[in-house]
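Working through the structure, step by step
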There are 4 protein chains.
Amino acid sequence: MSQIPVAVLGATGSVGQRFVSLLDAHPWFKVAALTGSDRSVGKPYAQACRWVLTDPMPEWAREMVIAPSSPEALEARIVFSALPSDEAKEVEPVFARAGMAVCSNASAYRREADVPLLLPEVNADHVGLVRQQRRERGWSGCILTNPNCTSTGLTVALKALQDAFGLKRAFVVSLQALSGAGYPGVPSLDIIDNVIPNIGGEEEKVEWEPRKMLGSLGAEGVALAEIRLSAHTNRVAVTDGHVVVASVELGVEVSPEEAAAAMAAYQAPPSARELPSSPRPVIRVRGEADRPQPRLDRMTGNGMTTVVGRVRPDPLLHLKFVTLSHNTIRGAAGGSIYNAELLVNEGLL
Amino acid sequence: MSQIPVAVLGATGSVGQRFVSLLDAHPWFKVAALTGSDRSVGKPYAQACRWVLTDPMPEWAREMVIAPSSPEALEARIVFSALPSDEAKEVEPVFARAGMAVCSNASAYRREADVPLLLPEVNADHVGLVRQQRRERGWSGCILTNPNCTSTGLTVALKALQDAFGLKRAFVVSLQALSGAGYPGVPSLDIIDNVIPNIGGEEEKVEWEPRKMLGSLGAEGVALAEIRLSAHTNRVAVTDGHVVVASVELGVEVSPEEAAAAMAAYQAPPSARELPSSPRPVIRVRGEADRPQPRLDRMTGNGMTTVVGRVRPDPLLHLKFVTLSHNTIRGAAGGSIYNAELLVNEGLL
Amino acid sequence: MSQIPVAVLGATGSVGQRFVSLLDAHPWFKVAALTGSDRSVGKPYAQACRWVLTDPMPEWAREMVIAPSSPEALEARIVFSALPSDEAKEVEPVFARAGMAVCSNASAYRREADVPLLLPEVNADHVGLVRQQRRERGWSGCILTNPNCTSTGLTVALKALQDAFGLKRAFVVSLQALSGAGYPGVPSLDIIDNVIPNIGGEEEKVEWEPRKMLGSLGAEGVALAEIRLSAHTNRVAVTDGHVVVASVELGVEVSPEEAAAAMAAYQAPPSARELPSSPRPVIRVRGEADRPQPRLDRMTGNGMTTVVGRVRPDPLLHLKFVTLSHNTIRGAAGGSIYNAELLVNEGLL
Amino acid sequence: MSQIPVAVLGATGSVGQRFVSLLDAHPWFKVAALTGSDRSVGKPYAQACRWVLTDPMPEWAREMVIAPSSPEALEARIVFSALPSDEAKEVEPVFARAGMAVCSNASAYRREADVPLLLPEVNADHVGLVRQQRRERGWSGCILTNPNCTSTGLTVALKALQDAFGLKRAFVVSLQALSGAGYPGVPSLDIIDNVIPNIGGEEEKVEWEPRKMLGSLGAEGVALAEIRLSAHTNRVAVTDGHVVVASVELGVEVSPEEAAAAMAAYQAPPSARELPSSPRPVIRVRGEADRPQPRLDRMTGNGMTTVVGRVRPDPLLHLKFVTLSHNTIRGAAGGSIYNAELLVNEGLL
């Protein structure tokens, strides 16, 4: 098929850069525009942006001139939003109203009842909410969101357990990478030889977002899953890759081996299984005593796979385990792109 | 009073070095001997030991000649043991039989029914177990132990809550410093830009040791506290200072403010309150949103104080909070010295 | 004597904080005022400032209300300036005109012919320039400056060699700490698992400043020393402590042992030898193969001593060696305070 | 052509692992054997080896059983040696005598007059030394070596300058990665928040090896280049990628622009230009003020390219610049493989 023109909103920041990198040579999408703040508008991307990824900036992006973040300024059918949440709140509906599909990494609309909060390998059917969204809001475009980067890997692992055994409660603690805070983000003096035992607003997201994604879509919208979560979130001196340790209570008691097998066997819903960004596999279960580790395992499945390890009994609930997910690929830009692919595949663009 | 001669067993390792540093200018104790492995015996300490602390090696230690770890080789009334656990198992009873009080940082005897597992600010009365120990084993000396470095700060915080409100369950996750693994310990390639989500044998210790220390001493010895714990332990790129995040279920429901106040007000038992190494305060409660942090807070109270922060409601149990404790001071060498001070103060030497 | 009232300009930044910390319990000086930007003025210091030092904020500073950086706003005889260079350029002369002695850490006036660029243990006599400065500028106060933090330790070591053997050329490469860039300073994503091989404007300073300090003061002012320097400056993942490696050509050929002995024996000029902040010793020469190291050696002499190691032959020039100096103590706040002490001691206040 | 069977000696270490990874899917070579220490012999590779690379272990390697390091134990025409130097000294000649070409990363034979010290993009013609070696030693196989990882990138850059302008002296300082010390290598406590200003034996190698590679091969063997070098070597907290800053005196004075252009235009000798591992380009010259950086630039040209930046005037010699080279790819395993490719291409196998 001919390629679909897309734009990246907020393309100069660290997540924006990841969009640019992942969209390089994408089989379906072609970047038609990059937007940035007033300070950047009119400059070539290579000049407006302090590139922080280890993969080099794609050549086609270097000379692309930064546009303002408004629908008139660009021709695209899909816009990927790497905007900060407050700006996203204002700007994303403008694009949706103008007929574009906004695949957003921002938190602004995640809690809206008619906005899908989407991990295609978990709740691909929730993409159907865009029909209701268009109807109710009178938009020809739409907004769909991906969850917080810490919710992401955790929810994938919980989904596999929920499907196989039911799921009641989870106690989760994150050890999060620096890239999750954007650029310049965390000052080096705050994190060398240190841990920061808090990330503003993160715990509320991690305690709520999985419930929407693990909930069921009915005529009334999504019914939140009856799961209770407690989260502690921490920043550690890691560039990329969020570790989340979890203790869970399931619907039935199972052995660690059964749980590990269920996670390893978990498959995305059929509509999300063969897309360009589909994680292969969805979950990689490792058997070593000390894995997953961010530096060694974050690029599993091109950074789209959720890696799980140390599945073992928990003395209070049923099971303990460790998850790892690449926070700026699966947990941000790669996730939004995967969402867009699902939207296209479902004929909802 | 005239100073009590003491020895440090395993003085060249990282915990041994911390003993040497903390015993410098101690008001009660005077180092009479340092022991080391066969490879070190006969060498001056400055030559046998690769010093890794930021405080300089005390001058008196530099020329002290390393002795073998046997009672005949040294004159001391107290020996501080920084031996590895398997060696401690063999060697410590030999010293106890020879009439010396062994204050051990090793795990070898922590679970013995007649051996105190001691944090003086928590369970000073357990020191009385040494009478039973001497009677039963026919030793003129004794062994007393301090807990694992991760159990330490956690147990101090739990004790304050237990006393004030009762304590039923705790879910705890550690972010542990590198010095806890000794020297050379963790290879740098394993931890730069990384997290290791496991520390061998640590979770079992953290799930059991607090129960002994929070238990009550009766005629039959220590009755383990009826508390259930679940622990995940992780290694992070921090030199010193273990962070433990905890969610707890108390005996009664209390507000975070009440819990914080109880922790801030907690006092050591009278016999442990005015010793040279007594933490001042026992617990420091910080009100900032992002504290305690290892780099900024580990030296609170000369590294003997447990620092607590972020006391807040937990959606599953009652409360969440963060603890920090210096793992080689309060959690190792400083703890053993504090134990020895208690022993002396109680007239049990 | 009664204490001299002093102020700290730009007290909320990282160097400003170091001033506050070092002035705590200073025997001669008492902090009468702390100034900050418009955003901070009127707030208590504890609230206006994100404290990044490991030593706790002094109690007396917590409630001190931030004043604006103007002479009318404060009563002080000495003001320590931790202002950014452009602001220092405007503000410092205002204070000097108002009769205060400005001891500045900023680079703005270092190159002025009548402004001392001062390391008391190196060129204490240059403080006499303030007489000329007052005469020419008609100020009742004065400005004196300390050099760039990378020039500092290097110049101390070079001075010892220059005095003993003469000095012709030096090739120097720095590995600089993060605190030299202030706070928030270097983003963590830029330095974890990385080196930044440039620090803007630093090389020019390191190639010029030592020549002024090693120059001789005559009737015409300071004649720059006839020394040629080449510098490469790099940022590494270290919190505090600048390492500079150097290769030098001396006036005469000497053995590494002679050079090391000359550095170890070097003494400050008499007027700078017994001040409260005098480094004790001025230079500590270490004999180990792998020292000095920032983490282990930066606090030598309370952070005021220059540490030198690895003195050995150089195949191109005469000698190679390594220097280490604490960049925010000797190289910044501590240096300015030492300068102020010299000024007082010389009766020039 | 059919693939040439090769073996990796010392395959379980960090350089050995890099060989295994780089030989995966190599167009000319097929791994027939992996050797290890007595402790590993007989075990499957996946079990014998603690894999520390971020690329996953190739599937074919997992079940390969570790052989002892002796020629009888394996069938191969080329053996890649990742042995420690003392073991290499004993073992490599045994393989050469047995008819195999030993491409060694060890330092044991680098200084032998009849052993090529080889960077194909620099001195491809030196491979001809193997004829003399075979003749003199009566070997049917041969030994060829690649230089120390710190010499590597530096020598490539110096070669481009030598060819274009002549080269007289160089002053060089390294900031070296941890992987250069192998695994477990540098303890984390030695390098977090620290720099180690020495690497045993490294400076001698860096001051000598470039002279052999930049020398000319005549009837009498290699005449060392008339270049004088001074080196300081340092370890920093970087996983991979050695930075070397250099100041050089050329044969003629040139502008930084001319020098940068010469380096960017430099081409490998024709015989080394189109091999599977040939760096493309040989040198990448970057124009930014703060590049190259290890984390961002080490994988340039799949880790085989030498990256140069900050070419600028030097106040003492002619020019200053910064080089970066991936120490375990171009500077170790990748270099040995490139050497083997040259040997095959020259018909010398």
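Scroll up a little and you will see the structure.
This write-up is about the structure you can find in this document. (Residues numbered from 1 in each chain as written. Chains lettered and ligands numbered in written order. Predicted model: local features only at pLDDT ≥ 70, side-chain atom pairs only at ≥ 80, totals over all residues.)

Next up on the list: the overall build of chain A. Across its full length, chain A carries 11 helices and 13 strands. Overall size of chain A, expressed as C-alpha extent along the three principal axes, is 60 × 50 × 35 Å. The proportion of buried residues among the 349 residues of chain A is 62%. Partitioning the intrachain contacts of chain A with sequence separation of at least 6 by distance along the chain shows that 73% fall at a separation of at least 24. (Helix = DSSP H or I, 4+ residues; strand = E, 2+ residues; numbered from the N terminus. Buried ≥ 20, exposed ≤ 12 C-beta atoms within 10 Å, placed from the backbone. Contact = placed C-beta atoms within 7 Å.)

Turning our attention to the nonpolar core. Counting residues in hydrophobic clusters, the biggest one holds 467 residues, and the most contacted among them are M263(A), L34(C), M263(C), L34(D) and M263(D). With residues near it in sequence (within four places) discarded, M263(A) still touches A157(A), A160(A), L161(A), I283(A), V285(A) and V308(A). (Core = buried A, V, L, I, M, F, W, Y, C linked by C-beta atoms within 7 Å.)

Before going further, it helps to examine the sheet that holds strand β10 (residues 242–250) of chain B. All names here are of chain B. Overall, mixed pairing links the six strands, which are arranged β9-β6-β10-β13-β12-β11 in an open sheet. One side of each edge strand has no neighbouring strand; the edge strands of this open sheet are β9 (228–235) and β11 (283–286). Along the sheet, successive strands turn relative to each other by an average axial angle of 20°, direction set aside. Of the strand pairs in this sheet, β11 and strand β12 (residues 306–313) are connected by four bridges, and their pairing is parallel. Considered in β12, the bridge of V285 is made with V308. Strands β11, β12 and β13 (319–325) of the sheet are contacted by helix α9 (residues 256–265), whose axis makes an angle of about 165° with β12. (Pairing = 2+ DSSP bridges. Axes fitted to C-alpha atoms, helices over the stretch in contact; angles between N-to-C directions.)

Before going further, it helps to spend a moment on the relation of the copies chain A and chain B. For the pair chain A and chain B, the best superposition has an RMSD of 0.0 Å and corresponds to a rotation of 180° with a translation of 0.0 Å parallel to the axis. Accordingly, the operation relating the two chain copies is best matched by a two-fold axis. The fraction of interface residues of chain A whose copies in chain B are also interface residues reaches 100%, indicating that both copies meet through the same surface. (Least-squares fit on C-alpha atoms with pLDDT ≥ 70 in both.)

Opposite the 34 residues of chain A that make contact, chain B presents 34 residues. For the side of chain A that touches chain B, the secondary-structure elements that each account for two or more residues are β6 (167–176), β9 (228–235), β10 (242–250), α10 (294–297) and β13 (319–325) of chain A. By residue number, the principal contributor to the side of chain A that touches chain B is β9(A), which donates five residues. A class-by-class count of the residues in the side of chain A that touches chain B yields 17 nonpolar, eight polar and nine charged. (Nonpolar A, V, L, I, M, F, W, Y, C, P; charged D, E, K, R; others polar.)

Time to look at the interface of chain D and chain C. Quoted interface sizes are often the accessible area lost when the parts come together. Taken residue by residue, the interface counts 34 residues in chain D and 34 residues in chain C. Elements with a minimum of two residues in the side of chain D that touches chain C: β6 (167–176), β9 (228–235), β10 (242–250), α10 (294–297) and β13 (319–325) of chain D. Looking at the side of chain D that touches chain C element by element, the count peaks at five residues for β9(D). Counted by class, the side of chain D that touches chain C contains 17 nonpolar, eight polar and nine charged residues.

Function cannot be inferred from these measures alone, as they are strictly geometric.
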